[in-house]
Amino acid sequence: MDRVFKALADPTRRKLLDRLFAETGQTLGQLCERLAMSRQAVTKHLRLLEEANLVAVVWRGREKLHYLNPVPINAIAERWIGKFERTRLQALSDLKIRLEERDE
């Protein structure tokens, strides 16, 4: 998970993930559009995303297509965010039950 957190810490990499979320299966050229950085810089960011397993690649002929892999983000949500959310949701459920019991 350390690689995932490191990859997500950078705003450029998050922007690349957002672009892949909006339209998955993009080439390097497509991902470089509207980014104020060189292809080499984007390639380095994509390499880190691949190492974190956040991006999967498929070769189609000579084209390298980049696909979003949401599994590591889901693992973070379940491991780190979900446990905090459960407490809040349980409190709301308990409150609902108490209010309903009071109305009866």
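Rules used in this analysis
- Residues numbered from 1 in each chain as written.
- Predicted model: local features only at pLDDT ≥ 70, side-chain atom pairs only at ≥ 80, totals over all residues.
- Heavy atoms only, no water.
- Helix = DSSP H or I, 4+ residues; strand = E, 2+ residues; numbered from the N terminus.
- Rg over C-alpha atoms; globule rule 2.2 N^0.38 Å.
- Buried < 20%, exposed > 50% of the residue type's maximum accessible area, 1.4 Å probe, protein only.
- Contact = heavy atoms within 4.5 Å.
- Areas by Shrake-Rupley, 256 points an atom, 1.4 Å probe, with all protein chains shown as cover.
- Axes fitted to C-alpha atoms, helices over the stretch in contact; angles between N-to-C directions.
- Parallel < 35°, antiparallel > 145°, perpendicular 65-115°, else oblique.
- Nonpolar A, V, L, I, M, F, W, Y, C, P; charged D, E, K, R; others polar.
- Patch = residues over 30% accessible without salt bridge, like charges linked within 9 Å, V, L, I, M, F, W, Y side chains within 5 Å.
- Salt bridge = Lys/Arg side-chain N within 4 Å of Asp/Glu carboxyl O.
- Pairing = 2+ DSSP bridges.

Right, let's get into the overall build of the protein chain. Along its length, the protein chain carries 5 helices and 2 strands. Shown N-terminal to C-terminal, the secondary structure of the protein chain runs as helices and strands in the order α-α-α-α-β-β-α. Relative to the 2.2 N^0.38 estimate, which gives 13 Å for 104 residues, the radius of gyration of the protein chain is 20 Å and therefore markedly larger than a compact globule would have. In terms of overall dimensions, the protein chain has C-alpha extents of about 70 × 25 × 25 Å along its principal axes. Considering the protein chain as a whole, with its 104 residues, one finds that 28% of them fall into the buried category. Put simply, of all contacts in the protein chain between residues at least 6 apart along the chain, 50% involve residues at least 24 apart. Carbon together with sulfur atoms contributes 55% to the accessible area of the protein chain, which is approximately 7600 Å² in total.

Moving on to the packing of helix α2 (residues 11-22) against helix α4 (residues 39-51). Look at α2 against α4: their axes get within 10 Å of each other, and the N-to-C directions meet at 75°. By the criterion of interaxial angle, the relationship of α2 to α4 is roughly perpendicular. Two secondary-structure elements touch here, α2 through T12, R13, L16 and L17 and α4 through V42, H45, L46, L48 and L49. Split by residue class, the contact of α2 with α4 holds 6 nonpolar, 2 polar and 1 charged.

Right, let's talk about a nonpolar patch on the surface for a bit. Judged by side-chain polarity, M1, F5, W80 and I81 come together as a nonpolar surface patch covering roughly 390 Å² of accessible area. Within the element layout of this structure, M1 appears in the segment before α1 (2-8). By relative accessible area, M1 is classed as partly exposed at 45%.

Moving on, we get to the pairing of strand β2 (residues 63-68). In this structure, strand β1 (residues 55-60) lies alongside β2, joined through 6 bridges in antiparallel fashion. Directly across from V55, in β2, lies its bridge partner L68. Adjacent in sequence and paired antiparallel, β1 and β2 are bridged by 2 residues, among which G61 carries a positive phi angle near 65°.

Overall, the coordinates contain 3 salt bridges when judged by the stated rule. Two residues, R60 and E63, come together in a salt bridge whose shortest N-O distance is 2.5 Å. On the accessibility criterion, E63 (35% relative accessible area) is partly exposed. Put simply, E100 and K96 hold a salt bridge, and the shortest N to O gap is 2.8 Å. Of the two residues, E100 and K96 are both situated in helix α5 (residues 71-103); the distance of 4 residues between them amounts to about one turn of the helix. The partly exposed category is assigned to E100, whose relative accessible area is 38%.

Purely spatial values, then, with no claim about function.
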